[in-house]
Amino acid sequence: YDLRMMLEAFAAQRAASRIGEARLNELTDLCGRMEALLGADTDVDKLAELNAEFHGIVREATRSTRLVAMLNAVVQLPLVMTTFHRYSPADLRRSAGHHRELVDALRARNETWAGSVMHSHVAAAKSVLLREEPSDRGSEE
């Protein structure tokens with residue numbers, strides 16, 4: 001996750017100066033579709049699929065095949081899926097907020113802002129992954 005954090009943040013920075021309006025509109029649409037899934041019966045698998053599409057657009061916008069290849073080597077889909085299944089409703093809302101803010105940063109063409117949001121987004125995912133399962137707490141008493 002640490003390597004992913006650095007590479008994804010760099011990708012977001014790079015995308016900020018390269019992404020086109022049509023792709024920004026796709027990201028905005030994906031944000032709405034992901035937010036529509038949030039609720040009591042969240043379809044986590046569909047959410048993860050849309051999330052992968054969102055991140056793929058950001059990566060593609062870097063216009064760097066080498067960077068995309070490096071990210072594809074670092075981001076392990078099974079680990080991402082495991083993390084998504086551990087998200088609480090608050091974690092899912094935070095993730096959705098990060099996506100919206102990232103789109104705002106990309107629209108503003110602000111590389112620093114975009115990189116910072118992506119760094120925070122991946123750091124939050126890492127925190128969820130490393131968090132103890134509620135059922136595991138106190139089991140070593």
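Before going into details, it helps to say that this report is about the structure given with it. Not measured: the values here are computed from a predicted model. (Residues numbered from 1 in each chain as written. Predicted model: local features only at pLDDT ≥ 70, side-chain atom pairs only at ≥ 80, totals over all residues. Heavy atoms only, no water.)

1. Considerations on the nonpolar core
- Core analysis: the largest hydrophobic core is formed by 37 residues, its most contacted members being L27, F54, V58, F84, L102 and L106.
- Counting only elements with at least two residues in this core, the list comes to α1 (2–16), α2 (21–37), α3 (44–61), α4 (65–74), α5 (77–86), α6 (89–107) and α7 (111–130).
- Residue contributions to this core peak at eight residues, all from α3.
- Not counting chain neighbours up to four residues away, the residues in contact with F84 comprise V44, L47, A48, N51 and L92. (Core = buried A, V, L, I, M, F, W, Y, C linked by side-chain atoms within 4.5 Å. Buried < 20%, exposed > 50% of the residue type's maximum accessible area, 1.4 Å probe, protein only. Helix = DSSP H or I, 4+ residues; strand = E, 2+ residues; numbered from the N terminus. Contact = heavy atoms within 4.5 Å.)

2. Observations concerning the environment of L27
- Along the chain, L27 turns up in helix α2.
- Residue L27 is classed as buried on the basis of its relative accessible area of 0%.
- Residues L27 and F54, spaced 27 residues apart in sequence, show a C-alpha to C-alpha distance of 6.1 Å.
- Each residue touching L27, except ones within four places of it in the same chain, is listed here: I19, F54, I57, V58, V103 and L106.

3. So, α7
- Counted at 1.5 Å a residue, the expected span for α7 with its 20 residues is 28 Å, and the 29 Å between its end C-alpha atoms agrees.
- Among the residues making up α7, those that are buried are A114, G115, V117, M118, H121, V122, A124, A125, V128 and L129.
- At the N-terminal end of α7, a side-chain oxygen is found 3.2 Å from the backbone nitrogen of T112, two or three residues along, and the residue is N110. (Expected span 1.5 Å × (residues − 1). Polar contact = N/O pair within 3.5 Å; in protein donor to acceptor, adjacent residues only side chain to side chain.)

4. A word on α3
- Its 18 residues place the ends of α3 26 Å apart at the C-alpha level, agreeing with the 26 Å of an ideal helix rising 1.5 Å per residue.
- For α3, the set of buried residues is V44, L47, A48, L50, N51, F54, H55, I57, V58, R59 and A61.
- Once α3 finishes, R63 follows within two positions and takes phi at roughly 60°, a positive value.

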